Amino acid sequence: MNSLSLILHLAGKRTGPFLAALGLSLVTLAAGIALLGVSGWFLTGAALTTAGLAFNLFGPSAMVRGLSLMRIVARYGEKLVGHDATLKLLADLRGWLFRRLVPRVPFQGRLFRRGDLVSRLTADVDALDTVFLTAIGPILTALAAGLAMTSLLAVLLPDAAPIYALGFGCASLALPIALALASQRPGEAATLASAELRMRVLDAIDGHADLRAMGQTESAFRAFSASGRRLTRARTRQSALNALGTAGVQAMGGVTLVGILWQGLEALDTGAVNGPVLVGLLLATLASFEAASLLARGAGRLGAALAAGRRVQALAASEPTILDPARPSALPEGSSVHFEAVRFGHTPDRLVLRDLSLQVRDGERVAIIGPSGCGKSTILHLLLRLSDPEAGAIRVAGQDIRTVTQANLHRRVALLSQDTPVFLGTIRDNLRIGCPDADDDALWGALRAARLDGFVRGLPEELDTWLGEAGRTLSAGQTRRLCLARVLLSGARIVALDEPTSGLDRETEADFLADLAAATRGRTVLLATHASLPDGAVDRVLRVENGRLSPQ
Amino acid sequence: METGRGPEGRVHMRRLMGLWRQTGPLAALSVAAPLIGGLLLVGQAFLLSGVLHDAVVGKVPRMSLLQPILGIGALMALRALLAFAGEQAGARAAETVKARLRKTLFRHILAQHPAWTAERASGALASAVVDQVEAVEGFLVRYLPATVSAAILPLAFAAAVFPVDVVVGLLFLFTAPLIPVFMALVGWGAEAASRGHVQAFARLSGLFADRLRGIVTLRLFGRADAEATVIEEAGDDLRRRTLGVMCIAFLSSAVLEFFAALGVAGVALYVGLTYLGLVELRTGALTLQAGLFCLLMAPEVYLPLRQLAVHYHDRANAKAALAEIAELFEGLPEAPAPTIGHCPAERPGRAVSVFATDLTLTAPRSRRTILSHAKLVALPGEHVAVLGESGVGKSTLLEALAGLRKYQGEIALGERSLSRLSEDGLRRDVAYLSQRPHLFQGSIADNIRLGQPGAPDSLLHKAANLAGVTAFTDALPQGLDTPIGEGGLGLSGGEAHRVALARIYLRDPGIVLLDEPTAHLDPDMEERVIEGILSFARGRTLIVATHSAALAAAMDRTFVIGGGALLPVLCPRRALSPMPQQGAA
């Protein structure tokens, strides 16, 4: 129930709205139960008074009208307040998780398959934030209503109270919890099967040409179908549990009603209760099970949310792999880079870099070339402390980078990585990630250096053009230039560029590289590439071979 | 292309309903079960009110009422059973539909040219097959049965009450013609509410996913904390904006609540006042049973409508999902026709000539012309090299020859036109190594066996040895059984190429097309791989695209691509001299 505490912890910060939503839903439920109960009591009472006895008409009829009105208003308020509270939780949860993840990225090891982390985390968080409205809130409301109803029965029809407490407790507490627990395993299986299915599709798309060339599309289809069947099985089990829950609540309602009716009729025979009260209580019992039937639906999601919460919690609580030193040193001025006998491997038996050494002077531009997978990117990642080497040292301006804070290091060294994204937002927003308080002159300067100013000036909204989903999409070349402008704007004296021209066609690539010298003037540049470099783009070219660097 | 909304959206929904109807009894049961359950409810209410009447008014002892009480219990049990059966049937029908949809989409992807998939974001395609298909479930499982119930049950209940009390029956019947109005109202309100909610949700989710995708970049720029605040503030901003929409949208459900409450209160007051003699609208006396029966039925008349309102957004979700799929696939793909066999291929293993005339190729994105009316001839058993600067279109040419890309002009393999060969025959006859071969998740051996599933170990080892795979697998503890791909060992570009080459060595093609088979290799290894290629290609037609002088020198004939033309070269060394530095050695 670790994950439940996570939800409650976050909800606890918004106690007010959640309590209001809970209170209003309780009023709604209570008004609904009372409306049917009072109506039954009033109607039976009226039917019995034809004998001529006086009947106070005013009270009950006013109650009936008042309760209906109360129910409508409370339901409306509950929806509004609940929506408000959920949206607050939505933002809180994401903000909280994001802050927790920052010091932990990039995740070491291969916990997550490509693209899986983002889609899985968003799905998990989505599963978490509706759980309060669909499961926890209704359970609490139902329990409160059940308690009130039991107390009422204990006074008016004591023999029936235990039956009701048992029946309603089963339907609104035991059954949902059992469902939530039972649905965890198929829920987990469904998540896994769905991830597997996604992997099959991605694998088939990436290897489409190979599959076609080998005439093996049929075997890819068979593997896909097998994963699909696993997903179907898991989902079928999930829905069977849900259906069982719905039917279980109905059955429980039936048993409780019959039980109370049986006890009530005995009480009626002995005169312990009068007719109108008995009818009122029975109708109220029927109405109260409406709350339980809502619960059965939410319970399935509770199981999924518990699993999602566990995963999110595990990630948020994992140890950060790269830590700042306890007593950080200052980073001296300068922009030289030294690698001293650096050794690194993702797995111990396969080293990527072996005793790699590299000296780059202030303001020097160095290209690192070599086949893909040879460790070019690794060199740049090590420079930014996205990983730490197994042996050797890396110095920036003569200072070992493990002795300075990462924030300081990142101010000095900027990385244009292979997968640097364009963020949802305007061009201005995207640039300002490099430097939050840059004025427009600085933005245009960076765009000019990246040779994107002409294009942006041609846009109707210039810097305020919206990018990303539902906004404008940039071409691959423009995207890389925008990201370069962002790096240039950052003011970092050392710039690490990881395959800045991947995904560009030849002409765009040549243009980009030809502009590079002018754009990065005055900075130290490490450029990892396998493009052919035009004259004057860099001062030196080094090749990675067998985990070491050799001059080209 | 059309986005699939509007009239197209309706066509897609009809397709979906068609698939659903094909599940036959399952679909029927999922709709019928709530209807039957509703009718049983009438009986249950009648029995319950009867028991109460007899006990309260008639003072009948409870033992004499045992039979109807057990009847009530039986009816409730039956209804629970029906609810279970209906929900299960609906879920199974939906699973069948989803599985069918998924397979259709996946088949469609596989049947396209690789260029088609390359033009689309792989994540979006995977999401369409996995997530969007999942999104139609609510519509099938909940919305469809709820619609039928909302259309039929209120009228049925009104009809059931009519013989008991005309006035209450009339009250229900009077509101019955309003039901379509209610449904429209519910639809409008629920759709607006769900649109508002879903949009807020999706936007915030999208923003979160977007920032999460770039979290490393944000961290490196020291902007992560600021962006966490952006996420929180965006949530707050969205909350304020959607709340305005919700204020109005929730009114529609309040109206339904109002009618439901009015029904109960109205019936209670009318019946009560009739008992007290204050209202005289009926001819005969009203029994307690009749009064209670009316009261019990009153909330049930409005319940199906309220349930429909709850599930209304499922329809919008399904519609949006189908539109998304249709946009990506340029229309909702039909179940594919069985593959049509054309000409059978040449006898396997026999060298086949390759003859391309008037061949015109354009780059997929830039529409740049790569080859214009070019001619290429490779005689049976001949070994041909194609040279040219990187990016000039060597790979495009090989893809076209492998039947993996559209082209204009004529390509003939042996006596037969490429365009008329059956897929099976083509694959049997032509082996092709792409420039960036993909390694699938699994072991190295699994990846090699892609060339010939079920190939015996001896053949596998022979192929692996010939391709130079054993040169690096021998050093691995698990050898050829080492897992690779995501989550496994990362192979370098050169190693991956050799694994893919070994796949081809398990086959028996007449034509071998290799795209830079010796890229990323050091000279010693390259020599070994070239030896392997030559030994395998003996007696087969071989066309290689390459930068390597050593490989080109081992071929019988050389062409160079440049300026949109394919020109024969007499001295391959000279053609290679202005090559950029990345050419091996």
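How each quantity is defined
Residues numbered from 1 in each chain as written. Chains lettered and ligands numbered in written order. Predicted model: local features only at pLDDT ≥ 70, side-chain atom pairs only at ≥ 80, totals over all residues. Heavy atoms only, no water. Helix = DSSP H or I, 4+ residues; strand = E, 2+ residues; numbered from the N terminus. Buried < 20%, exposed > 50% of the residue type's maximum accessible area, 1.4 Å probe, protein only. Contact = heavy atoms within 4.5 Å. Areas by Shrake-Rupley, 256 points an atom, 1.4 Å probe, with all protein chains shown as cover. Pairing = 2+ DSSP bridges. Axes fitted to C-alpha atoms, helices over the stretch in contact; angles between N-to-C directions. Domains from an automatic or database assignment. Buried area = accessible area lost by both parts, 1.4 Å probe. Salt bridge = Lys/Arg side-chain N within 4 Å of Asp/Glu carboxyl O. Polar contact = N/O pair within 3.5 Å; in protein donor to acceptor, adjacent residues only side chain to side chain. Patch = residues over 30% accessible without salt bridge, like charges linked within 9 Å, V, L, I, M, F, W, Y side chains within 5 Å. Lys, Arg positive; Asp, Glu negative; His and termini not counted. Charge placed at Lys NZ, Arg CZ, Asp CG, Glu CD. pLDDT = per-residue confidence, 0-100. Phe/Tyr/Trp six-rings, centres within 6.5 Å; stacked < 30°, edge-to-face > 60°. Lys NZ or Arg CZ within 6 Å of the ring centre and 35° of its normal.

Observations concerning the overall build of chain B
Reasoning step 1: From N to C terminus, chain B includes 20 helices and twelve strands.
Reasoning step 2: A burial count over chain B gives 56% of its 585 residues as buried.
Reasoning step 3: Relative to all contacts within chain B whose residues are 6 or more apart in sequence, the contacts with residues 24 or more apart total 77%.
Reasoning step 4: When the accessible area of chain B is evaluated, it comes to approximately 24,200 Å², of which 59% is carbon and sulfur surface.

Overview of the sheet that holds strand β3 (residues 383–387) of chain B
Strand pairing in a sheet relies on backbone hydrogen bonds. The paired strands run either parallel or antiparallel.
Residue and element names in this part refer to chain B.
Reasoning step 1: Strand order in the open sheet formed by six strands is β6-β9-β10-β3-β11-β12, with mixed pairing between adjacent strands. This sheet does not close on itself; its edge strands, each paired only once, are β6 (430–433) and β12 (565–569). Taken pair by pair, the neighbouring strands of this sheet meet at an average axis angle of 20°, ignoring direction.
Reasoning step 2: The pairing of β6 with strand β9 (residues 511–515) spans four bridges and is classified as parallel. Looking across to β9, one finds that Tyr 432 is bridged to Leu 513.
Reasoning step 3: Contacts between helix α12 (residues 394–401) and the sheet are confined to β3, β6, β9, β10 (541–545), β11 (557–562) and β12, with β9 contributing the most and set at about 155° to the helix.

As for the domain arrangement of chain A
Reasoning step 1: The domain architecture assigned to chain A consists of domain 1 (3–317) and domain 2 (337–551).
Reasoning step 2: Computed over C-alpha atoms, the centres of domain 1 of chain A and domain 2 of chain A are 50 Å apart.

Focus: the interface of chain B and chain A
Reasoning step 1: In this assembly, 142 residues from chain B lie in contact with 138 residues from chain A.
Reasoning step 2: When chain B packs against chain A, close to 12,600 Å² is buried across both sides, 69% of that on carbon and sulfur atoms.
Reasoning step 3: For chain B, the biggest contributors to the area lost against chain A are Arg62(B), Arg219(B) and Leu220(B); these three give 7% of the whole.
Reasoning step 4: One salt bridge in this structure joins Arg235(A) and Glu134(B), with 2.9 Å as the shortest N-O distance.
Reasoning step 5: In this assembly, chain B and chain A are joined by 25 residue pairs in polar contact (both at pLDDT 80 or more).
Reasoning step 6: Top element by residues in the side of chain B that touches chain A is helix α10 (residues 224–275) of chain B. It accounts for 29 residues.

So, a negative patch on the surface
Reasoning step 1: A cluster of like negative charges, contributed by Glu545(A), Asp522(B), Asp524(B), Glu527(B) and Glu531(B), occupies part of the molecular surface.
Reasoning step 2: With three residues, helix α18 (residues 523–537) of chain B is the largest single contributor of residues to the negative patch.
Reasoning step 3: Looking at the secondary structure, you find Glu527(B) in helix α18.

A short note on the pattern of salt bridges
Reasoning step 1: Counted according to the given criterion, the structure contains 30 salt bridges over all chains.
Reasoning step 2: Between Arg62(B) and Glu266(A) there is a salt bridge whose closest N-O contact spans 3.9 Å. Of this pair, Arg62(B) sits in the loop between α2 (25–56) and α3 (66–111) while Glu266(A) sits in helix α9 (residues 217–270), placing the two residues on different chains.
Reasoning step 3: Judged by its relative accessible area of 15%, Arg62(B) is buried.
Reasoning step 4: Given the relative accessible area of 32%, Glu266(A) is considered partly exposed.
Reasoning step 5: The closest approach of N and O atoms between Arg361(A) and Glu364(A), which form a salt bridge, is 3.6 Å.
Reasoning step 6: A relative accessible area of 4% means that Glu364(A) is categorised as buried.
Reasoning step 7: Through salt bridges that share partners, Arg235(A), Glu95(B), Lys98(B), Glu134(B) and Glu137(B) make up one connected network.

Things to note about the confidence of the model for chain A
Reasoning step 1: Overall, the prediction assigns chain A a mean pLDDT of 82, with 91% of residues at 70 or greater.
Reasoning step 2: Element-level mean pLDDT values for chain A span from 71 in helix α1 (residues 2–12) of chain A up to 91 in α9(A).

A few points about the packing of aromatic side chains
Reasoning step 1: As enumerated under the stated definition, the model contains nine aromatic pairs over all chains in all.
Reasoning step 2: With 5.3 Å between their ring centres and 10° between their planes, Tyr164(A) and Phe168(A) make a pair best called stacked. Of this pair, Tyr164(A) and Phe168(A) both sit in helix α6 (residues 161–182), four residues apart, roughly one helical turn.
Reasoning step 3: Looking at Tyr164(A), the relative accessible area reads 0%, which means it is buried.
Reasoning step 4: Judged by relative accessible area, Phe168(A) falls into the buried class, the value being 4%.
Reasoning step 5: On the numbers, 5.8 Å between centres and 80° between planes, the contact of Phe46(B) with Phe293(B) is edge-to-face. Note that Phe46(B) is positioned in helix α2 and Phe293(B) in helix α11 (residues 288–329), a separation of 247 residues in sequence.
Reasoning step 6: Overall, Phe46(B) belongs to the partly exposed group, its relative accessible area being 43%.
Reasoning step 7: Of the aromatic side chains, those joined through ring pairs into one cluster are Tyr164(A), Phe168(A) and Phe289(A).
Reasoning step 8: Between Arg457(A) and the ring centre of Trp444(A), over which it is positioned, the NZ or CZ distance is 3.9 Å.
Reasoning step 9: The ring of Phe221(A) carries Arg107(B) above its face, with NZ or CZ at 3.7 Å from the centroid.

So, the sheet that holds strand β5 (residues 399–400) of chain A
All names here are of chain A.
Reasoning step 1: As summarised here, the arrangement of the four strands in space is β2-β1-β4-β5, forming an open sheet in which the pairing is antiparallel. What marks the edges here is a single partner per strand, and that holds for β2 (353–360) and β5.
Reasoning step 2: Sitting on the sheet, helix α11 (residues 376–383) is in contact with β1 (337–344), β2 and β4 (391–396), with an inclination near 115° to β1.

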